[in-house]
Amino acid sequence: MPVPISQAWTVASYVLKQKIQGRKQYPLVLMLEPLYKCNLACAGCGKIQYPAHVLKQELSPEECFKAVDECGAPMVSIPGGEPLMHSQIEKIVEGLVARKKYIYLCTNALLLKEKLHLFKPSKYLTFSVHLDGQKIHHDFSVCREGGFDLAIEGVREALKQGFRVTTNTTLFDGADPNSVRAFFDEMMALGVEGMMLSPGYSYDKAPDQKHFLGRARTRRLFRAILSNRKPTWRFNQSMLFLEFLMGKRDFRCTPWGMPTYSIFGWQKPCYLLQDGYADTFNELMTTTEWENFGTESGNPKCANCMVHSGYEASGVDYTFNSLKGLFAAAKATLFTKNEDDEAYRMLNEPVRPVHSYNPLVQIETPSNNLEETRA
């Protein structure tokens, strides 16, 4: 099983409690961003584009704990920036483990091997390692030659020391389905607990705006990748969300399912869009005009979004909304092959990966003054 039974039970009982209480809008995962500073400058991410005075800022452990307690979600994802560059990341993790929160520390793993001594293996802590496919695809995506090899070294050491490890893969236009499927084989052979997938979203600050997927292309790509699935592949996310990516289901966006707290406060309306900030979680929930966001709203910023932070909670909510949802989730979990002859034919179509006609832009290893030189 890709997650411990205790985690699955905690999440299931939490969602059922929300249903019994009649809450239609509730958080499932808190996206906690304790800093924006990073040791990479990926083409599809704009966080490192913030000015120097912003990149110097960090949330204190106490600020993180207050946000976690205020939100109440059973799971906490810690993205960034690069969380392992936070000066007190071990104290943040220790405090969240003490609160029995299931933590996914999202890291590019360049520092993982040297930082592991700061942490203790726990069922509550998972290192979610950002790997965007096989070596050449990943290095191109993160604009760092050799980044894949360093990340794999970190993964191997973390697994050796008994830590939970998953991978987190973002796919862009031009992704090679056959290469992605081969990547799944490599990760399973490596021994990671499970894999997470999502299509890329067009951040306003991202340097590369040309290779984000539209909805139709997203469905076609994920249908090719996830149909005719191998039984050895394990995914650490909602199976109904994967069916949504394949075009087999249609969900409405639930941006409140994965609220974001960062150095600026509670971000409206979601992890991907910055439409202002709230001082408290209650203010976020009660003052955000949710009807103005999501594909159904007609908001052009949401038109092509199928990202996990908007739709994975939708799949979980659907699961516990009725017996039909429970049956659908059970079926998607137990019968994973998804035989599809057309998808097989898609795998034989010629693909022109982005790295085949664009050179890899090498980002030099930053000095200790990273936050100054990125301004």
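Our structure is the block above this text.
Residues numbered from 1 in each chain as written. Predicted model: local features only at pLDDT ≥ 70, side-chain atom pairs only at ≥ 80, totals over all residues. Heavy atoms only, no water.

### What about the pattern of salt bridges?
Link 1 in the chain: Per the counting criterion, the structure on display carries 10 salt bridges.
Link 2 in the chain: Note that Glu342 and Arg345 form a salt bridge whose closest N and O atoms lie 2.9 Å from each other. Here the residue Glu342 and the residue Arg345 both occupy positions in helix α14 (residues 341-347), the gap between them amounting to three residues, near one helical turn. (Salt bridge = Lys/Arg side-chain N within 4 Å of Asp/Glu carboxyl O. Helix = DSSP H or I, 4+ residues; strand = E, 2+ residues; numbered from the N terminus.)

### Here we look at the pairing of strand β9 (residues 274-278)
Link 1 in the chain: Pairing of strand β8 (residues 265-269) with β9, which is carried by three bridges, proceeds in the antiparallel orientation. Paired with Pro269 across the two strands is Gln274, which belongs to β9. (Pairing = 2+ DSSP bridges.)

### Focus: the sheet that holds strand β5 (residues 164-171)
Hydrogen bonds between backbone groups are what pair the strands of a sheet, and the pairing can be parallel or antiparallel.
Link 1 in the chain: Pairing is mixed across the open sheet formed by nine strands, whose spatial order is β6-β5-β4-β3-β2-β1-β7-β8-β9. If you trace the sheet from one side to the other, it starts and ends with β6 (194-199) and β9, each paired once. Neighbour to neighbour, the strand axes of the sheet diverge by 30° on average, direction disregarded.
Link 2 in the chain: Relative to strand β4 (residues 125-130), strand β3 (residues 102-107) runs parallel, the two being bridged by five bridges. Residue pairing in the sheet places Cys106 in a bridge with Ser128 of β4.
Link 3 in the chain: Most of the contacts of helix α1 (residues 5-20) go to β3, to which it runs at about 110°, and overall it touches β2 (75-78), β3 and β5.
Link 4 in the chain: Contacts from helix α4 (residues 89-98) reach β1 (29-32), β2, β3 and β4 within the one sheet, and its direction differs from that of β3 by about 155°. (Axes fitted to C-alpha atoms, helices over the stretch in contact; angles between N-to-C directions. Contact = heavy atoms within 4.5 Å.)

### A few points about the pairing of β8
Link 1 in the chain: With five of five residues buried, β8 lies mostly within the body of the structure.
Link 2 in the chain: In terms of strand pairing, strand β7 (residues 260-262) meets β8 through three bridges, oriented antiparallel. Bridge pairing in β8 links Tyr261 to Trp266.
Link 3 in the chain: The turn joining β7 and β8, which pair antiparallel and follow one another in sequence, is formed by two residues.
Link 4 in the chain: Remark: four residues form the turn of the hairpin made by β8 and β9, two consecutive strands paired antiparallel. (Buried < 20%, exposed > 50% of the residue type's maximum accessible area, 1.4 Å probe, protein only.)

### Regarding the packing of helix α6 (residues 135-142) against helix α7 (residues 147-160)
Link 1 in the chain: Across the interface, α6 lies against α7 with an axial gap of 8 Å and an inter-helix angle of 105°. It follows that α6 is roughly perpendicular to α7 by the angle criterion. In this structure, α6 contributes Lys135, His138 and Asp139 to the contact, and α7 contributes Gly147, Phe148 and Asp149.
Link 2 in the chain: In terms of residue class, the contact of α6 with α7 is made up of one nonpolar, two polar and three charged. (Parallel < 35°, antiparallel > 145°, perpendicular 65-115°, else oblique. Nonpolar A, V, L, I, M, F, W, Y, C, P; charged D, E, K, R; others polar.)

### Comments concerning the packing of aromatic side chains
Two measures describe an aromatic ring pair: the distance that separates the ring centres and the angle between the ring planes.
Link 1 in the chain: Applying the stated criterion across every chain, the model contains 18 aromatic pairs.
Link 2 in the chain: Joined through ring pairs, the aromatic side chains of Phe241, Phe244, Phe251, Tyr311 and Tyr318 make up one cluster. (Phe/Tyr/Trp six-rings, centres within 6.5 Å; stacked < 30°, edge-to-face > 60°.)

### Describing empty space enclosed by the protein
Link 1 in the chain: The full count for this structure, using the stated rule, is two cavities of 30 Å³ or more.
Link 2 in the chain: Roughly 110 Å³ of volume is contained in the largest cavity.
Link 3 in the chain: As for the largest cavity, its lining consists of 14 residues, of which Cys253, Cys270, Leu273, Cys302 and Cys305 are closest to the centre.
Link 4 in the chain: Residues that form the lining of the largest cavity fall into these classes: 10 nonpolar, three polar and one charged.
Link 5 in the chain: What lines the second largest cavity is simply Arg229, Met239, Leu242, Glu243, Ala332 and Asn338.
Link 6 in the chain: Among the elements that take part in the lining of the second largest cavity, helix α10 (residues 239-245) stands out by supplying three residues, more than any other.
Link 7 in the chain: By residue class, the composition of the lining of the second largest cavity is three nonpolar, one polar and two charged. (1 Å grid on protein atoms, 1.4 Å probe; cavity = no way out; pocket = protein on both sides within 12 Å on 5 of 7 lines; lining within 4 Å. Points joined across faces, edges and corners; volume = space filled by probe spheres on them.)

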